[in-house]
Amino acid sequence: MKQVSDQSLAYALLRIALGINFFGHGFVRVVGGVSKFADGITKGFEESILPPDLVRPFALAIPYIEIVIGIFLILGLFSRWTYIVGALFMMMLTFGSAMKSDWTAVSMQLTYSIVYSALLFLRKYNQLSIDSRRAIGE
């Protein structure tokens with residue numbers, strides 16, 4: 001049996017940790033009530049320049065986006081596209097947080113963006129994944 005490199009193991013641990021984080025965010029929001037979550041987000045943007053008719057539909061989609069990204073990250077499935085979609089999702093969240101001057105959230109979202117970029121950049125180490133078993137990471 002071929003030994004897994006430390007780099008591949010570290011990569012898998014980071015990818016799976018990010019996946020658990022995203023899945024957990026989405027899961028608790030769905031269980032707690034997506035509409036309730038969206039109401040809270042919409043209320044939080046009342047003082048921003050973003051219109052509620054734009055904020056609420058996006059807020060309703062957030063938990064489901066998080067769950068799907070989380071599952072794909074955990075499994076290592078469609079990794080390249082998952083990292084790209086995850087990074088784009090973080091850009092949208094960052095834009096929204098900036099529009100309400102929530103710089104703490106912006107900083108945290110930048111951290112997530114860095115992790116997505118690092119995973120994409122180091123994807124050659126994505127050996128412990130469904131993609132590596134099926135060669136479908138593109």
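Residues numbered from 1 in each chain as written. Predicted model: local features only at pLDDT ≥ 70, side-chain atom pairs only at ≥ 80, totals over all residues. Heavy atoms only, no water.

Asker: Break down the packing of aromatic side chains for me, citing the residues and quoting the values.
Answerer: The relative placement of two aromatic rings is captured by the distance of their centres and the angle of their planes. Inspection of the entire model under this criterion finds 6 aromatic pairs. Judged by centre distance (6.4 Å) and plane angle (65°), the ring pair of Phe22 and Phe89 falls under edge-to-face. Taken as a pair, Phe22 in helix H1 (residues 6-32) and Phe89 in helix H4 (residues 79-99) lie far apart in primary sequence, 67 residues in all. Phe22 sits in the buried class, given a relative accessible area of 4%. Take Phe89: its relative accessible area is 1%, and that puts it in the buried class. (Phe/Tyr/Trp six-rings, centres within 6.5 Å; stacked < 30°, edge-to-face > 60°. Helix = DSSP H or I, 4+ residues; strand = E, 2+ residues; numbered from the N terminus. Buried < 20%, exposed > 50% of the residue type's maximum accessible area, 1.4 Å probe, protein only.)

Asker: Can you break down the pattern of salt bridges residue by residue, with the values?
Answerer: All chains considered together, the criterion is met by 3 salt bridges. Put simply, Asp39 and Arg56 hold a salt bridge, and the shortest N to O gap is 2.6 Å. On the criterion of sequence distance, the pair formed by Asp39 in helix H2 (residues 34-44) and Arg56 in helix H3 (residues 52-75) is long-range, its members being 17 residues apart. Glu46 serves as the salt-bridge partner of Lys43, at 3.9 Å between the closest nitrogen and oxygen. There is no split in this pair, since Lys43 and Glu46 are both exposed. (Salt bridge = Lys/Arg side-chain N within 4 Å of Asp/Glu carboxyl O.)

Asker: So what's going on with the layout of surface pockets? Residues and values would help.
Answerer: Within this model, the largest pocket holds a volume of roughly 620 Å³. Forming the walls of the largest pocket are 27 residues, and the residues nearest its centre are Phe58, Ile62, Leu93, Ser97 and Gln109. When residues of the lining of the largest pocket are traced back to their parent elements, those giving at least two are H1, H2, H3, H4 and helix H5 (103-121). At 7 residues, H4 tops the list of elements feeding residues into the lining of the largest pocket. A breakdown of the residues in the lining of the largest pocket according to their chemical character gives 18 nonpolar, 5 polar and 4 charged. (1 Å grid on protein atoms, 1.4 Å probe; cavity = no way out; pocket = protein on both sides within 12 Å on 5 of 7 lines; lining within 4 Å. Points joined across faces, edges and corners; volume = space filled by probe spheres on them. Nonpolar A, V, L, I, M, F, W, Y, C, P; charged D, E, K, R; others polar.)

Asker: How would you sum up the environment of Pro51? Please name residues and give values.
Answerer: Assignment of secondary structure puts Pro51 in the loop between H2 and H3. Residue classification places Pro51 among the partly exposed positions, given a relative accessible area of 42%. Along the chain, Pro51 and Pro63 lie 12 residues apart, while their C-alpha atoms are 20 Å from each other.

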